[in-house]
Amino acid sequence: MKIEILGTGCAKCKALEEAVKQAVAQSGKFAQIEKVEDIMKIMEYQVVSTPGLVIDGKVVSTGKLLSVDEIVALING
């Protein structure tokens, strides 16, 4: 599983990254977590509002800070 956090480094983006790490630990699954700060890469996902969350190439959230529980639900999808 590959999880990408899309954002240029704002407080919400950093908070989402931490929440993702906690959610992956809670889920017990192995995931590669990558922070994407390159605006051109973010645009490739057609995300205009950050932070964005991408799981296995699919955008699952944009523009909001998800809770750890919400992220666990998405991971277990």
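That block above? That's the structure.
About the thresholds
- Residues numbered from 1 in each chain as written.
- Predicted model: local features only at pLDDT ≥ 70, side-chain atom pairs only at ≥ 80, totals over all residues.
- Heavy atoms only, no water.
- Helix = DSSP H or I, 4+ residues; strand = E, 2+ residues; numbered from the N terminus.

### A few points about unusual backbone geometry
Piece 1. In the segment running from Thr 50 into Pro 51, the intervening peptide bond is cis, with an omega of 5°.
Piece 2. The residue Pro 51 is located in the loop between α2 (39-44) and β3 (52-55) in this model.
Piece 3. At Gln 46, a residue that is not glycine, the phi angle is positive and equals roughly 60°.
Piece 4. You can see Gln 46 is positioned in the loop between α2 and β3.
Piece 5. Although it is not a glycine, Asp 56 adopts a positive phi angle of roughly 50°.
Piece 6. Among the secondary structure elements, Asp 56 is positioned in the loop between β3 and β4 (58-62).

On their own, these measurements won't tell you what the molecule is for.
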